Structure formats: structure tokens, C-alpha cells
Amino acid sequence: YTPTRQDFNQYMVPVFAPAEFILVRGEGSRLWAQNDTDYIDFAGGIAVNALGHAHPVAVNALIEQGKKLWHVSNNYTNEPVLVLAKKLVESTFADKVFFANSGAEANEAALKLARKVGLAKGKSTIVAFNNAFHGRTLFTVATGGQPKYSQDFAPLPSGIIHVPFNDLDTAKAVIDDKICAVIVEPIQGEGGVLPADRAFLQGLRRLCDEQGVVLIFDEVQTGVGRTGSLYAYMDTGVIPDILTTAKALGGGFPIGAMLTTDTYAKAFVVGDHGSTYGGNALACAVAGAVFDFINTPEVLAGVITRSQRMLDKLTQLNQTYQVFEAIRGKGLLLGAVLKPEYANNAKDIVSLASEQRLLVLVAGGNVVRFAPSLVISDEEIDEGMARFGRALQQFVHHTPSK
Ligand code: PLP
């Protein structure tokens, strides 16, 4: 039986609106659909496929572990999880790791840990930022700063305050010794590829230190090399107390993790939190191989070189088509912000790009987002940008500016 796109409408709960074509295989930053049409992948499965598709390092790790041991539950530990935990601890500020299966679950663990830490001091209020995105569990949609994702699901977890992103004065006005935690993305991903100012993050760190508040960095989208640093915090002069990572960590295999220091980790005791699959041997074996491959000076420096190539091409295209008012982001998490006259047309550009056989993403209505493989080739970048140019040509031709 060969499934069709119509089967999606018939059998799937309608929370997604996927493209009309069905992708069946990939290699590097190319994908092929059922009819053998090829696509260049600048979307990377939403910042997940850090090594592209079918990378031998990930495939071999999967096959080798697949033949040995997949899953034993947390009633037993396993070798791949211990190896991966050690790598994460040795490469970051953290002393301890909790494994989950997704970004939302990593954040759920972080928020619950922060609440447990706060409990001892009688405080529970979490400060989060407008437009933030932290996942789709009830606690994480409530913490995210986009009411459209939470408003239909009340009653929501309470004790969460939202303030404007990159506005230190407002943050200062709310962060007092009654606050339990602050959660922030170093670059707001879903919210529009909007980088936090260094001074903002440094100011949050200072306020948290002064008031005894836990600082959580959500690096689900920015982590594992995406910005050209292993983690984005490493280039901010700020060390968080808790960090969450997922997406690129497994290179396409579902895994998430919460990293923290001994001081905070000890607030959790046996039974406080858990997951059947968290720390699954198969996921950790793949993640360990992907992590080692990315965590080298060559691959991380390559992210910056590739970023520059993409930026140069985007700037050239924009000189021709005059569609974007800014191109922002860092490393291989880039956002092209539409000019006001094209406001909210980002989705149309994604559709036109897929007609030109290129996969790109939106970030909100106004930003076209690029999150390709960290090892995308020059040839794939150039071919993808040629296709993007044709999509922009169609876009300006067909879109009445406002
Ligand atoms: N946090 C951030 C910053 C994200 O970008 C995302 C997903 O886009 C999440 C959390 C949620 O991750 P997941 O979809 O794996 O639950």
C-alpha cells in the first residue's frame, strides 16, 4: 500500500497542515518525494537534522546499537546514557543531566525542578517572555508567551508572569526575591529568530544572582552547534543554572535533556520526576555519535562559514527583490524579516519555495526561517539559494504590496 496525502486528512488528528507532497528519502541536505522530485533542505526538520539526512555517523550508531539493546527503562541504567551524560557534563557548565524525549519534556523537567528548588524558599512564580516558545505540554504552553497556543486549554498552570523580551527595565521591575525562576531563549526561535541582547542576558543573570532566582536557558533550538558555539550561552558571557536541549541533540532521533549543577540537581530526589523512555539506549547512542561529530572546532567553525555564505546570498537576493527589512539570527539559525508592505506573507514564500523544490520554514507570520544541516555543502547552499531566488521572483511578481 502506498499512502497518499489524502490519508493524512482521513487518518490524522488535524493539528498540522503538511505540504501536499510526501518525502520518502534523504541524503545530506537533499530530500526526495514519492514522485522522485528532489528538494533542497534549508528547514532541517525544524533545526533537528544537524547532520542532514542519512549521515553515516548517525546511521552506523543507530544500526550498531539497534543490534545490541534498545530499551530497558530507568529501572536499569545503560551504557549509552552514561556515556552521553558524561559528554554533556564535560562539555558544558553542568554537573548532572536528566534525559527526556523532546524539548517540551526537557522544559517541563526544568520548570518542575525550579519549582522544587523554590519550594524550600516558599516561592513559585516563574518569569517568562512575550513571544517565547517552550513546547506544547500544558506547563510549557502556559510558560510560552504566545496566548494562541494556550488560551483554549484553561485552566492553565498558574504562577507565571510574562514580560517583554529584551527589556531589562521591565524584567528588573518584576524580578524580586519572591520569584522562583526566569526562563529565556538565547534566540527566540518560533517567536521570529530574535536574538536576546547580550546586555539583556547578562542583566538577567545579575538580577537572578541578586534575588536568588534560578536562571533557565531554553536551548532546544539554539543548542548543539546551531549558532556556531556548542551551546549559545557559551558566547554570551552568561552561565545559566539550568539548560534544556533537544532537537539537534539526536540529529533526528527524538531525545531531550535538562542540564544543571549539583546545587540544583539535588533538589530532585528519587521519584520526584521520571520518564519511561528518557535515557533510552538507542536514542542516547545516536545522540552520543551526533554530539561527538558536532563538538569539534572544525564543525563548529564550519557553521560560521556556512552562515556567512547563506547571509551573503540572502543579502544579494534581497538587493534584487527588496522583500526583507532585516536578516537576523546566528550561525545556521537565520531569519529573514519581511518588510511591512509584505507583512504576514511568510507562509506564501514557504509555499513558493516548495514549488521551486526548496524547504524553508516560517517563524511567526513575518519571518522566513532557515535552519539547515550544520554540515550542508556549498553546492547545496548555492542550489538552494538559486531556488529561493526563483521563489522570491514569483513572490514579488504575484504579491500586491500593502
Ligand atoms: N523550546 C524551544 C525554544 C523550541 O524551539 C521548541 C520547539 O520548537 C521547544 C521548546 C519544544 O520542543 P519539542 O517540539 O521537541 O517539544
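A few points on the structure. (Residues numbered from 1 in each chain as written. Predicted model: local features only at pLDDT ≥ 70, side-chain atom pairs only at ≥ 80, totals over all residues. Heavy atoms only, no water.)

1. Things to note about the site of the ligand
Near the ligand you find 13 residues, and of these Gly103, Ala104, Asp218, Gln221 and Lys247 are the closest. In the model, an oxygen atom of the ligand is placed 2.8 Å from a nitrogen or oxygen of the glycine 103 main chain. In the model, a nitrogen atom of the ligand is placed 2.7 Å from a nitrogen or oxygen of the aspartate 218 side chain. Examining the composition of the shell around the ligand, we find that 3 residues originate from one element, helix α5 (residues 103-119), more than from any other. Each residue belonging to the shell around the ligand can be placed in one class, and the counts come to 3 nonpolar, 6 polar and 4 charged. (Near = heavy atom within 4 Å. Polar contact = N/O pair within 3.5 Å; in protein donor to acceptor, adjacent residues only side chain to side chain. Helix = DSSP H or I, 4+ residues; strand = E, 2+ residues; numbered from the N terminus. Nonpolar A, V, L, I, M, F, W, Y, C, P; charged D, E, K, R; others polar.)

2. Describing the sheet that holds strand β3 (residues 38-41)
Across the sheet, which stays open at both edges, the 4 strands sit in the order β1-β2-β3-β15 with mixed pairing between neighbours. Pairing within the sheet leaves two strands with one partner each, and these edge strands are β1 (23-27) and β15 (358-359). Pairing geometry for strand β2 (residues 30-33) and β3, over 3 bridges, is antiparallel. Within β3, the position partnered with tryptophan 32 by the bridge is aspartate 38. Sheet strands touched by helix α13 (residues 378-398): β1, β2, β3 and β15. Its angle to β3, the strand with the most contacts, is close to 105°. (Pairing = 2+ DSSP bridges. Contact = heavy atoms within 4.5 Å. Axes fitted to C-alpha atoms, helices over the stretch in contact; angles between N-to-C directions.)

3. Topic: the nonpolar core
Counting 78 residues, the largest nonpolar core has Leu204, Phe370 and Phe388 as the members making the most contacts within it. Core analysis: the second largest hydrophobic core is formed by 22 residues, Leu113, Ala128, Phe139 and Tyr264 among them. (Core = buried A, V, L, I, M, F, W, Y, C linked by side-chain atoms within 4.5 Å. Buried < 20%, exposed > 50% of the residue type's maximum accessible area, 1.4 Å probe, protein only.)

4. Re the pattern of salt bridges
Charged atoms that come close allow side chains of opposite charge to pair. Per the stated rule, a full pass over the model turns up 19 salt bridges. Ionic pairing is found between arginine 205 and aspartate 241, a salt bridge with its closest N-O pair at 3.1 Å. In this pair, arginine 205 sits in helix α8 (residues 198-211) while aspartate 241 sits in the loop between β10 (214-218) and β11 (242-245), placing the two residues 36 residues apart along the sequence. Overall, the relative accessible area of 13% leaves arginine 205 in the buried class. Each member of the salt-bridge network shares a partner with another, and the members are Arg30, Asp38, Arg357, Glu379, Glu383 and Arg387. (Salt bridge = Lys/Arg side-chain N within 4 Å of Asp/Glu carboxyl O.)

5. So, α8
Relative to the 20 Å expected for 14 residues at 1.5 Å per residue, α8 spans 20 Å between its end C-alpha atoms, a close match to the ideal helical length. Those residues of α8 that fall on the buried side of the exposure criterion are Phe200, Leu201, Gly203, Leu204, Arg205, Leu207 and Cys208. Against the buried residues of α8 lie β5 (125-129), α7 (168-174), β7 (179-184) and β10. Glycine 212 occupies a position one or two residues after α8 and carries a positive phi of about 65°. (Expected span 1.5 Å × (residues − 1).)

6. Let's talk about the state of the cysteines
Going through the model one piece at a time under the given rule, you end up with 0 disulfides. Not part of a disulfide, cysteine 180 finds its nearest cysteine sulfur in cysteine 208, a span of 10 Å. By relative accessible area, cysteine 180 is classed as buried at 2%. When its relative accessible area of 1% is taken as the criterion, cysteine 208 is described as buried. (Disulfide = S-S within 2.5 Å.)

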